[in-house]
Amino acid sequence: MNDIRSKRIRQADIAAAAGVSVSTVSRVLTNEPGISETIRQHIFKVAGDLGYPLKTAAETTTGGLALIASDSVTGGLSVFYEGILEGLRAGAAERGMRFDIRLVREARTEPELVKEYLQAAGAEGLFLVGIDPSEELCRWLEASGTPTVLVNGTDPKLRFDGVSPSNFFGAYNATQRLLDAGHRRILHLTGSHRQTIRERIRGFEAAIASVEGAERRIVPMNFRGSSSQEAHDTTADILAAGEGYTAAFCMNDFIAVGVLDAVTEAGLRVPEDFAIVGFDDLPCALMTNPRLATMRVDRAALGREAIGLMIARFRDRDAPARHICHGVPPIAGGTLPPET
């Protein structure tokens, strides 16, 4: 140890002492995302023990502001965004980043107001949570050089860093579960109000198209009131029409709860006569009888990933934008037959 301390410590020295690659050490010391917290803390400890000059995130960043779509948070999806906020707060605390939150109607995210929000919070970086930025806002963010991370959102031009569930592949796999169970006439109850949701529609349609003879129906939701009640009423009408649909993939678990209620009230057996798969793995999925089969979104992990992306952006303002998709694993439930 004394021999190492007598010379300038290099990242190769840290890698050798920590038992990891030089690349991993470099990624940790520049606060890049994608490294487990256990390995990150181990490398920081080894570096500190060797006398490597470490800078904390607090020394290099001035804080971040999260703008959250209030119409989503105050509606049925509040629990979804609470999970993301938990991850954002925890990740910011671990990295020493000052972090503020503000609810805002998506229609109120004009450049001048966003600028005021950032200045009031003393924040340098902007997290847009559940908000797809308008083209006007995108242009201002680019021109101003504001470090921006989209959380559960996307920019089709990939001008900003972002993190989201793998909506396309998650929806594809959710639909494949129904197809594997033998269903060939499948409903998809959904909206088209956000790019992330449109990705789920694409995944559903791609899965249906992959199986000869499979038929699908996109059932649009208006979201003017309770999504569960709307899903219940819409599904009841479809079942009463006798169109022969035997399964449904739902945009989220709240909608799936409404579908389950309608199917049960119609006297159909679940999953023998009608199967259902939701999305998000929200707490309501545990409360249904039977338990809802769904797809799990690790919301806290999305928040932590977003903090890592922001710190990496603070360190390198000119790096190409990255969008990270988290896998969406299946969760077994009684609304789908046991899977092999």
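Residues numbered from 1 in each chain as written. Predicted model: local features only at pLDDT ≥ 70, side-chain atom pairs only at ≥ 80, totals over all residues. Heavy atoms only, no water.

**Here we look at the sheet that holds strand S11 (residues 323-326)**
Link 1 in the chain: Across the sheet, 6 strands lie side by side as S2-S1-S3-S4-S5-S11; this open sheet has parallel pairing. Only two strands of the sheet have a single partner each, and these edge strands are strand S2 (99-104) and S11. Going from strand to strand, the sheet's axes swing by 15° on average, the running direction of each strand aside.
Link 2 in the chain: As defined by bridge partners, strand S4 (residues 148-151) adjoins strand S5 (residues 161-165) across 3 bridges and the pair is classed as parallel. Each bridged residue has a counterpart across the sheet, and for Val-151 the counterpart in S5 is Val-163.
Link 3 in the chain: Running over the sheet, helix H8 (residues 111-121) touches strand S1 (64-69), S2 and strand S3 (125-129) and is turned about 135° from S1. (Pairing = 2+ DSSP bridges. Helix = DSSP H or I, 4+ residues; strand = E, 2+ residues; numbered from the N terminus. Axes fitted to C-alpha atoms, helices over the stretch in contact; angles between N-to-C directions. Contact = heavy atoms within 4.5 Å.)

**Points about the sheet that holds strand S6 (residues 185-190)**
Link 1 in the chain: Reading across the sheet, the 4 strands line up as S7-S6-S8-S9 and stay open at both edges, with parallel pairing between neighbours. In this open sheet, the two strands that pair with only one neighbour each are strand S7 (215-220) and strand S9 (275-277). When the angles between neighbouring strand axes are averaged without regard to direction, this sheet yields 20°.
Link 2 in the chain: Relative to S9, strand S8 (residues 247-250) runs parallel, the two being bridged by 3 bridges. Bridging across to S9, Ala-248 finds its partner in Ile-276.
Link 3 in the chain: Along the sheet face, helix H11 (residues 195-209) touches S6, S7 and S8 and points at about 175° away from the line of S6.

**Considerations on helix H13 (residues 253-265)**
Link 1 in the chain: With 13 residues, H13 extends 18 Å from end C-alpha to end C-alpha; this agrees with the ideal 18 Å at 1.5 Å per step.
Link 2 in the chain: Burial analysis of H13 places 10 of its 13 residues in the buried class, the great majority of the element.
Link 3 in the chain: Within H13, the full set of buried residues consists of Asp-253, Phe-254, Ile-255, Ala-256, Val-257, Gly-258, Val-259, Leu-260, Ala-262 and Val-263.
Link 4 in the chain: Among the structural elements, helix H7 (78-95), S6, helix H12 (227-240), S8, S9 and strand S10 (294-295) are those in contact with the buried residues of H13.
Link 5 in the chain: The residue sitting at the N-terminus of H13 and contributing the capping side-chain oxygen is Asn-252; that oxygen lies 3.0 Å from the backbone nitrogen of Phe-254. (Expected span 1.5 Å × (residues − 1). Buried < 20%, exposed > 50% of the residue type's maximum accessible area, 1.4 Å probe, protein only. Polar contact = N/O pair within 3.5 Å; in protein donor to acceptor, adjacent residues only side chain to side chain.)

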